[in-house]
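Close look at the chain arrangement
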Amino acid sequence: KMDAQIANVKFDGLFINASGVHCQLNNDLDELQANTFVAGTVTKSATLASRPGNPRPRYVDLAHGSINSMGLPNQGFDYYLNYALTRPSKPVILSVAGLSVAENLKMLTQIQESSFDGLTELNLSCPNVIGKPQLAYDFQATEEILTAVFSFFKKPLGVKLPPYFDLVHFDQMAAILNKFPLSHVNSINSIGNGLWVDPVTESVVIKPKNGFGGVGGAYILPTALANVRAFRMRLNPAIKLIGTGGVTTGADVFAHLLCGADIIAVGTQLQVEGPLVFERLTNELAAIMDEKNYQDIAELRGKLKTL
Ligand code: ORO
């Protein structure tokens, strides 16, 4: 049995896309919605106005993952709100990434005033908009925006976080998040501002920001697992966790679940393999569970052992 619940939203299955991959256009979202092995879909992080994003090349597959500096190309907030209101049969997580606090509050006000009753996710961790730092690395700014948001926003709301690398930061961020009635935390966004070098051309591989971009895929699995585990150990039990980062096999999914992930998002590997990835991961996870005699992921979720 593989299912989960975040706030009032039930997921019949375990897998969603990671925001940014296969989710910018209605057709892409519809294709995921129609996939038996997909439990829900996240929309591309929206800004109020549509954006073309950064100049290309801006996404490159690497030996063990990817590097991207998309720069939030998206169809604009109304497009995704409309999608969420009219199209889907499975849960939709509406991701918003305003270019300012005011823009975030504006989009969240529209969601509050709409009939949307799903999950909203505030992306506080986009690494790729030039001149815009990743907000969730500023702890005070994070507390301020959540205070402003929860003064009026009464629907289920989660946050997409960047990776943290210091135990003190996990303590500090969890203490802030625990002050708010968050539906979930989604960890992690890409590891921001990595750099890839092609020795043949002696060059960077993406154009924006002189080659600096968010790293995804297998490279980031240990960091993703650490963030899921660290937050599961610190957050109120009512705050659920979406485990994102570095999943390429059923064993990686199993590891995320042991660390405490409620559902699992797949980004780079979805880009590599296409939507068939979800059937493969489901089968690989089912084989591991069979071999270990687990009937239900609830039996293993968060049950990571220490030595
Ligand atoms: N890329 C990421 O890796 N994460 C985000 O949140 C957004 C982008 C992008 O649009 O560049």
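Further up the page is the structure itself.
In short, a report on the structure. Please read all numbers here as calculations on a predicted model, not as lab measurements. (Residues numbered from 1 in each chain as written. Predicted model: local features only at pLDDT ≥ 70, side-chain atom pairs only at ≥ 80, totals over all residues. Heavy atoms only, no water.)

In this structure, Leu122, Val159, Leu161, Leu177, Phe231 and Val253 are the most contacted members of the largest nonpolar core, which totals 67 residues. Beyond its immediate sequence surroundings of up to four residues, valine 159 is in contact with Glu121, Leu122, Leu124, Leu146, Leu177, Leu182, His184, Val185 and Asn186. (Core = buried A, V, L, I, M, F, W, Y, C linked by side-chain atoms within 4.5 Å. Buried < 20%, exposed > 50% of the residue type's maximum accessible area, 1.4 Å probe, protein only. Contact = heavy atoms within 4.5 Å.)

Quick look at the side chain of serine 114 now. Relative to the elements of secondary structure, serine 114 occurs in the loop between helix 3 (101–113) and strand 8 (119–123). Engagement of the side chain of serine 114 in a polar contact is seen with the backbone oxygen of isoleucine 111, the distance being 2.8 Å. If we skip the residues at most four places from it in the chain, serine 114 touches Leu81 and Lys155. (Helix = DSSP H or I, 4+ residues; strand = E, 2+ residues; numbered from the N terminus. Polar contact = N/O pair within 3.5 Å; in protein donor to acceptor, adjacent residues only side chain to side chain.)

This paragraph deals with the sheet that holds strand 16 (residues 263–266). Read from one edge to the other, the open sheet built from eight strands follows the order 3-16-15-10-9-8-7-4, with strand pairing classed as parallel. Only two strands of the sheet have a single partner each, and these edge strands are strand 3 (15–17) and strand 4 (41–42). Sheet topology note: the strand 15 (residues 240–244)/strand 16 ladder contains three bridges and is parallel. Bridging across to strand 16, threonine 244 finds its partner in alanine 265. Here helix 6 (residues 221–234) sits on the sheet in contact with strand 9 (157–161), strand 10 (184–187) and strand 15, set at roughly 175 degrees to strand 15. Sitting on the sheet, helix 7 (residues 250–259) is in contact with strand 3, strand 15 and strand 16, with an inclination near 135 degrees to strand 16. (Pairing = 2+ DSSP bridges. Axes fitted to C-alpha atoms, helices over the stretch in contact; angles between N-to-C directions.)

Inspection of the secondary structure assignment puts phenylalanine 212 in strand 14 (residues 212–216). Each C-alpha atom, one on phenylalanine 212 and one on leucine 157, is 30 Å from the other, the two residues being 55 residues apart in sequence. Aside from chain neighbours lying at most four places away, what touches phenylalanine 212 is Ser69, Asn193, Gly194, Leu195 and Ile206.

The N-to-C vectors of helix 5 (residues 167–177) and helix 6 enclose an angle of 50 degrees; their axes lie 10 Å apart at closest approach. In terms of orientation, helix 5 and helix 6 fall into the oblique class. With respect to the hand of their crossing, helix 5 and helix 6 are arranged in right-handed fashion. Taking contact as the criterion, the partners of Leu167, Phe170, Asp171, Met173, Ala174 and Leu177 in helix 5 are, on helix 6, Ala226, Asn227, Ala230, Phe231 and Arg234. Residue composition of the contact of helix 5 with helix 6, by class: eight nonpolar, one polar and two charged. (Parallel < 35°, antiparallel > 145°, perpendicular 65-115°, else oblique. Left-handed = near helix turned anticlockwise from the far one by under 90°. Nonpolar A, V, L, I, M, F, W, Y, C, P; charged D, E, K, R; others polar.)

Okay, the sheet that holds strand 6 (residues 65–68) next. An order of 5-6-14-11 is seen for the four strands of this open sheet, with the pairing classed as antiparallel. Edge positions in the sheet fall to strand 5 (59–62) and strand 11 (191–195), since each has one partner strand and no second. Neighbour-to-neighbour, the strand axes of this sheet turn through a mean angle of 40 degrees, independent of strand direction. Pairing analysis gives three bridges linking strand 6 to strand 14, with the strands arranged antiparallel. Across the sheet, the residue bridging to isoleucine 67 is valine 215, located in strand 14.

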